[in-house]
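The primary structure of each chain is shown beneath.
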Amino acid sequence: MACLYVFVFAGLLKKVFTCRLCGKVLCSKASLKRHIADKHSERQEEYRCVICERVYCSRNSLMTHIYTYHKTRPGEVDIKFF
Ligand SMILES: [Zn+2]
Ligand SMILES: [Zn+2]
């Protein structure tokens, strides 16, 4: 609870910018922009099949692909998200 309190208190003192993609809190809009460019570049939207390397733009399409093509239920394979 102590950590939460500090976080909330800091939020009251200063406007914070939270990354919508990973939840990281940045202290300025500029650093948030830089953070997104650094950590979440274009490739972040790719979902790659670990079995055949096919790339999909949504998690759902990848899951459907794995289920239909590899007859494996999502969760049974170690899926890496890039
Ligand atoms: Zn982020
Ligand atoms: Zn595949």
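Just above sits the structure.
Nothing here was measured: the structure is a model prediction, and the numbers come from that model.

Is there a simple way to explain the overall build of the protein chain in this structure?
Looking only at helices and strands, the protein chain features three helices and four strands. Put simply, the protein chain runs from its N terminus to its C terminus through helices and strands in the order α-β-β-α-β-β-α. For the protein chain, the residues scored as buried account for 4% of the 82 residues in total. When contacts within the protein chain are restricted to residue pairs at least 6 apart in sequence, those whose partners lie at least 24 apart make up 20%.

Whenever I open this one, unusual backbone geometry confuses me. Can you help?
Negative phi is the rule for most residues except glycine; trans is the rule for most peptide bonds. If you check the backbone angles, Glu53 has positive phi at about 70 degrees while not being a glycine. Here Glu53 shows up in the loop between β3 (47-48) and β4 (55-56). The class of Glu53 is exposed, set by 7 C-beta atoms lying within 10 Å.

Teacher, can you tell me more about the environment of Arg59 here?
Relative to the assigned elements, Arg59 resides in helix α3 (residues 59-70). By C-beta crowding, Arg59 is classed as exposed, having 12 other C-beta atoms within 10 Å. In sequence terms Arg59 and Arg48 are 11 residues apart; their C-alpha atoms lie 9.0 Å from each other.

Rules used in this analysis
- Residues numbered from 1 in each chain as written.
- Chains lettered and ligands numbered in written order.
- Predicted model: local features only at pLDDT ≥ 70, side-chain atom pairs only at ≥ 80, totals over all residues.
- Helix = DSSP H or I, 4+ residues; strand = E, 2+ residues; numbered from the N terminus.
- Buried ≥ 20, exposed ≤ 12 C-beta atoms within 10 Å, placed from the backbone.
- Contact = placed C-beta atoms within 7 Å.

The values reported here are purely geometric and, on their own, carry no functional implication.
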